[in-house]
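Here are the chains, one letter per residue:
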Amino acid sequence: MTSVLRFLLVVTVAIAATAKNDGDDEWVHLPDNCEVCKFVSIEMKSAFDETGKTKEVIDRNYRFIDSKGAPPIKYVKSDLRFIEVVENVCQRLLEYNLHKERSGSNRFAKGMSETFSTLHGLVNKGVNVVMDIPYELWNETSAEVSDLKKRCDVLVEQYEDVIEDWYKGTQEEDLTTYLCEKHVLKGKDTACLKEEWKPNRKGDQAALANDKKKKSKNVDGQKKEKKVKKKKKAGKTEGVQPEVPLSGPKTEL
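Residues numbered from 1 in each chain as written. Predicted model: local features only at pLDDT ≥ 70, side-chain atom pairs only at ≥ 80, totals over all residues. Heavy atoms only, no water.

Q: I keep staring at the overall build of the protein and nothing clicks. Help me out?
A: Helix and strand counts for the protein come out as nine helices and four strands. Its helices and strands in sequence order give the protein the pattern α-α-α-β-β-α-β-β-α-α-α-α-α, from N to C terminus. Within the protein, the fraction of its 253 residues that count as buried is 28%. Nonlocal contacts in the protein, meaning residues at least 24 apart in sequence, comprise 63% of its contacts between residues at least 6 apart. Taken as a whole, the protein presents about 18500 Å² of accessible surface, with 52% of it coming from carbon and sulfur. (Helix = DSSP H or I, 4+ residues; strand = E, 2+ residues; numbered from the N terminus. Buried < 20%, exposed > 50% of the residue type's maximum accessible area, 1.4 Å probe, protein only. Contact = heavy atoms within 4.5 Å. Areas by Shrake-Rupley, 256 points an atom, 1.4 Å probe, with all protein chains shown as cover.)

Q: How should I be thinking about the confidence of the model for the protein in this particular structure?
A: Fine structural detail should not be taken from predicted coordinates in areas where pLDDT scores are low. Considering every residue of the protein, the mean pLDDT works out to 76; 62% of them sit at 70 or more. Confidence drops under a pLDDT of 50 for residues 1-24, and excluding neighbours within four residues, the segment shows 15 contacts in the predicted structure. (pLDDT = per-residue confidence, 0-100.)

Q: Mind showing me how you'd approach the state of the cysteines here?
A: One pass over the structure, following the stated rule, counts three disulfides. Covalent S-S linkage joins C37 and C180, the inter-sulfur distance amounting to 2.1 Å. Across the S-S bond of C37 and C180 the torsion is about -100 degrees, and the bridge reads as left-handed. On the criterion of sequence distance, the pair formed by C37 in helix α3 (residues 33-51) and C180 in helix α8 (residues 175-184) is long-range, its members being 143 residues apart. A relative accessible area of 0% places C37 in the buried class. With its sulfur 2.0 Å from that of its partner, C90 forms a disulfide with C152. Handedness here is read from the sign of the S-S torsion; for C90 and C152, about -80 degrees, the answer is left-handed. Taken together, the positions of C90 in helix α4 (residues 79-92) and C152 in helix α6 (residues 143-158) put the pair 62 residues apart, joining distant regions of the chain. Residue C152 is classed as buried on the basis of its relative accessible area, which comes to 0%. For the protein, the disulfide bridges join cysteines in the arrangement 1-6, 2-5, 3-4, where the cysteines are counted in sequence order. (Disulfide = S-S within 2.5 Å.)

Q: Help me understand the environment of K194, please; the structure alone is not making it clear to me.
A: When you line up the elements, K194 lands in the loop between α8 and α9 (205-238). Separated by 89 residues in the primary sequence, K194 and S105 have C-alpha atoms spaced 9.6 Å apart.

Q: Before we go on, may I ask you to explain α8 in this structure?
A: Working note: α-helix, 3.6 residues per turn, so residues spaced by three or four point in the same direction. If you check which residues of α8 are buried, you get L175, T176, Y178, L179, C180 and V184. For α8, the capping residue at the N-terminal end is D174, with a side-chain oxygen 3.1 Å from the backbone nitrogen of T176. (Polar contact = N/O pair within 3.5 Å; in protein donor to acceptor, adjacent residues only side chain to side chain.)

Q: Explain the packing of α4 against helix α7 (residues 160-168) here, please?
A: Helix-helix packing: each pair is described by the crossing angle between the helix axes and the interaxial distance. Between α4 and α7, whose axes approach to 11 Å, the crossing angle comes to 135 degrees. Classified by the angle between their axes, α4 and α7 sit oblique to one another. Here the hand of the crossing between α4 and α7 comes out right-handed. Along the contact surface, α4 presents D79, R81 and F82, while α7 presents E160, I163, E164, Y167 and K168. (Axes fitted to C-alpha atoms, helices over the stretch in contact; angles between N-to-C directions. Parallel < 35°, antiparallel > 145°, perpendicular 65-115°, else oblique. Left-handed = near helix turned anticlockwise from the far one by under 90°.)

Q: Sorry, what's going on with the environment of V162 here?
A: Tracing the backbone through its elements, the reader meets V162 in helix α7. Between the C-alpha atom of V162 and that of V184, which follows or precedes it by 22 residues, the distance is 9.6 Å. The residues contacting V162, other than those within four sequence positions of it, are Y178, L179 and H183.

Q: Where do I start with a negative patch on the surface in this structure?
A: On the surface, E56, E84, E87, E157, E160, D161 and D165 cluster together into a negatively charged patch. For the negative patch, the elements supplying multiple residues, two or more each, are α4 and α7. For the negative patch, the leading source of residues is α7, giving three residues. Here E157 shows up in helix α6. Under the relative-accessibility criterion, E157 is labelled exposed at 65%. (Patch = residues over 30% accessible without salt bridge, like charges linked within 9 Å, V, L, I, M, F, W, Y side chains within 5 Å. Salt bridge = Lys/Arg side-chain N within 4 Å of Asp/Glu carboxyl O. Lys, Arg positive; Asp, Glu negative; His and termini not counted. Charge placed at Lys NZ, Arg CZ, Asp CG, Glu CD.)

Q: Any chance you could explain the nonpolar core here in plain terms?
A: It is characteristic of soluble globular proteins that their nonpolar side chains tend to be buried jointly. Within the largest apolar cluster, 35 residues are counted, with the highest numbers of intra-cluster contacts made by V40, M44, L155, V156 and L179. Breaking this core down by element, the ones donating at least two residues are α3, α4, β3 (96-98), α6, α7 and α8. For this core, the leading source of residues is α3, giving eight residues. In contact with M44, not counting residues within four places along its chain, are V85, V89, V156, I163 and L175. (Core = buried A, V, L, I, M, F, W, Y, C linked by side-chain atoms within 4.5 Å.)

Have a look at this one:
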């Protein structure tokens, strides 16, 4: 048996093992309440972090007849920021893919799954991969991710006041703890909130992509640091007058 055939056999067995008993209930494992709240809070925190870096100020000085407008407000403390994050957070969940080779809530992650990365690699090498799912649908949003997004819409609408209370408060408490543990999942199973994925970097495309992002951020940070150091050095030498030799004949005493 050639190495390619052995590899195909392993892939086939792995896919078959994932779809236990070929039953719909086993093949499609929809997210539970804990998983929905976990990823809603993760993406909401990420969105607040992204929108919290601006120094934009919103002018609220709209004057009406014999009335004064409200004073300007920083965008990071505005209702507008809250509304934009809440309205768009569920759309962010469609960036996730289903990683069937993982268990629990870790099966939801951004980036291509290890299984489909391997299958795409085989197709690119000219191997005829036969699956129940047509090739055209390999990159389509899965039923599990679609359900995650739908249930996010319901959760956000139902707990918008709770999220707003956190936003307008001190925000010292972690949003996952505040929203999920203390409200959405109060008295219910919260085990998924503690699940963390420890990837095998060799084959995990999502983990590799995340590593690349971290490296690029580190490189950008180092470049910025070098530029700052150069500017500081230039500033120190700017006001110093260079030495000029004295003109005229030397006189001996």
